[in-house]
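# Close look at the chain arrangement
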Amino acid sequence: MSQKILLDKINIPGIKTYEVYRQNGGYASVEKAIKILTPDEVVEEVKTSGLRGRGGAGFPAGMKWSFIDKKSGKPRHLVCNADESEPGTFKDRYLMEFIPHLLIEGMITSSYALGANLSYIYIRGEYMWVYKILERAINEAKAAGFLGKNILGSGYDLELYVHCGAGAYICGEETALIESLEGKRGNPRIKPPFPAISGLWANPTVVNNVETIASVPWIINNTGAEYAKIGIGRSTGTKLISASGHIKNPGVYEIELGLSVYEFMNSDEYLGGMSSDRPLKAFVPGGSSVPVLPAHLIYKTANGEDRLMSYESLSDGGFATGSMLGSGGFIVYNDTSCIVRNTWNFSRFYHHESCGQCSPCREGTGWMEKVLHRIENGHGREEDIDLLLSIQSKIEGNTICPLGDAAAWPVAAAIRHFREEFEYHIRFPEKIKNRDHFVAEPFEKVKHLVSKVIV
């Protein structure tokens, strides 16, 4: 059994309440930080831990904290990014819904480290019932003296608020989130300046993901050095994985980074293997924005090494033969799945969620959706495949925020690894009219037809 840091107490009856959470060691990190450690010492513990941002980018959290401007004299803020909108990802909701005080504790300890007296949790607008859970937890923590004025008699003050978004995926990007929090349209800002210098209301601000902040209490209670012993290499600690698709045991899992993909996929402790006798076709390891990988690159890297659940191993080979851990949205596909349809579905999402600020993303996501829709519905042309590659290449790297990249990468990877499937859709439109076309005839059984056609 792997070590549990975030989910070890989640099944304790009544753990949602302050009383039960406190009885089980809750808020100990706040006491230790405020009574024993200086803010800089808390930051150093997080740096020592090697904790990386769990929202997708994987940037070292302690290093990000150390960038915050302490010289200007301006108020500082910590903002928790709870705008969990990545298709295939639902781990943060699970934490907030079932053990909300863990996040509140992490927010208090982290805010103390940053010298923040006013902090926010920006939650996805669709998570209204979770918003109410967090509000209740904040009120309980405040009544117990862990929020408000003079926390634990230390002289340190902190007010914490939950702010609901309005259903925009783009607000998961930290500067768009800040714009929305200020009451503006959620458009990403040009960087620099970075939020650590000029963020919320032009004040120094750190934005971290729910899982990242929820990991801080364990690090402070047990030291960063102990946390760094868990995991492998630069992928330290544990990671929450949202698993879905054609597997026996979908759900949220906490794994030690470095676990093999094969064990995670097939062990009864985790996903339990495929949900039926249909073979594994592909998987997306980190949410809809990361490249899809075909079956032969899932358990082994291109070099023949075991593929591990770590930042480094999943990206081994670059985008040619690798992917990304991303937000941990682990989506599994069997051979009944249509990669073209799945790619179109992702593109439809990114077109809808583009803020429209950058021309390559505003126009390009719409073009990709239309071309993919054409191919999936039997009206594709041979030149469409190269057209898609051309469009995605003009989006990638040419936008203010990473949403453009997130829209472009899945399209490029799908064509890179499954080009013959796109060609099959174009050359045999009569065979793909039924949306379940690969249920009766998986692509492996008909792919030989593609090579027989003379174009």
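Up top is the structure these notes are about.
Residues numbered from 1 in each chain as written. Predicted model: local features only at pLDDT ≥ 70, side-chain atom pairs only at ≥ 80, totals over all residues. Heavy atoms only, no water.

## As for the pairing of strand β8 (residues 251-256)
- In terms of burial, β8 is a largely internal element, five of the six residues being buried.
- Of the pairings in the sheet, the one linking strand β7 (residues 238-245) to β8 comprises six bridges and is antiparallel in character. Its bridge partner lying in β8, A243 is registered against G251. (Buried < 20%, exposed > 50% of the residue type's maximum accessible area, 1.4 Å probe, protein only. Helix = DSSP H or I, 4+ residues; strand = E, 2+ residues; numbered from the N terminus. Pairing = 2+ DSSP bridges.)

## Here's the deal with the sheet that holds strand β1 (residues 77-82)
- Judged by pairing direction, the sheet is parallel, and its four strands sit side by side in the order β3-β2-β1-β4 without closing on themselves. In this open sheet, the two edge strands, each paired with only one partner strand, are β3 (159-164) and β4 (205-209). Sheet twist, expressed as the average angle between the axes of neighbouring strands with direction ignored, equals 20°.
- Judged from the four bridges that link them, β1 and strand β2 (residues 118-123) form a sheet pairing that is parallel. Residue pairing for β2: A82 is matched across the bridge by I123.
- The sheet contacts of helix α7 (residues 128-143) involve β2 and β3, and relative to β3 the element is tilted by about 170°. (Axes fitted to C-alpha atoms, helices over the stretch in contact; angles between N-to-C directions. Contact = heavy atoms within 4.5 Å.)

## Comments concerning the pairing of β2
- By the criterion of burial, β2 is predominantly enclosed, with five of the six residues buried.
- Where β2 and β3 come together, six bridges link them in parallel fashion. Within β3, the position partnered with I121 by the bridge is V162.
- Read from β2 through α7 to β3, the crossover connection turns out right-handed. (Right-handed = clockwise from strand over helix to strand, strands pointing away.)

## With respect to the sheet that holds strand β9 (residues 280-284)
- Taken in spatial order, the five strands make up an open sheet running β8-β7-β11-β9-β10, and their pairing is mixed. The open sheet has two edge strands, β8 and β10 (293-294), and neither has a second partner.

## Some points on the nonpolar core
- If you look at the biggest cluster of nonpolar residues, it comprises 61 residues, and the most contacted ones within it are Y27, W65, L95, M96, L103, I104 and I121.
- Per-element tally for this core: the top contributor is helix α6 (residues 100-114), with eight residues.
- In this view, L103 contacts C80, M96, I121, L134, V210 and I213; residues no more than four positions away in its chain are not counted.
- With 53 residues, the next largest nonpolar core counts I375, I395, I415 and V450 among its residues. (Core = buried A, V, L, I, M, F, W, Y, C linked by side-chain atoms within 4.5 Å.)

## Topic: the packing of helix α17 (residues 384-395) against helix α18 (residues 403-427)
- Running from amino to carboxyl end, α17 crosses α18 at an angle of 170°, the nearest separation of the two axes being 9 Å. If you check the angle between α17 and α18, you find them roughly antiparallel. Along its contact with α17, which presents I385, D386, L388, L389, Q392 and I395, the element α18 presents G404, D405, A408, V411, A412, I415, R419, F422, E423 and I426.
- Split into classes, the residues belonging to the contact of α17 with α18 amount to 10 nonpolar, two polar and four charged. (Parallel < 35°, antiparallel > 145°, perpendicular 65-115°, else oblique. Nonpolar A, V, L, I, M, F, W, Y, C, P; charged D, E, K, R; others polar.)

## Description of the side chain of S347
- Among the structural elements, S347 can be located in helix α15 (residues 339-353).
- By relative accessible area, which is 4% here, S347 ends up buried.
- Those residues in contact with S347, other than ones at most four positions away along the chain, are T365, M368, E369, L372 and V411.

## Here we look at unusual backbone geometry
- Following K191, the chain continues into P192 via a peptide bond in cis, with omega recorded as 0°.
- As for its placement among the helices and strands, P192 is situated in the loop between α8 (174-181) and β4.
- The linkage connecting P192 with the following residue, P193, adopts the cis geometry, with an omega of 5°.
- Backbone geometry at Y27 places phi at a positive 70°, although glycine is not the residue there.
- For Y27, the location among the structural elements is in the loop between α1 (18-23) and α2 (28-35).

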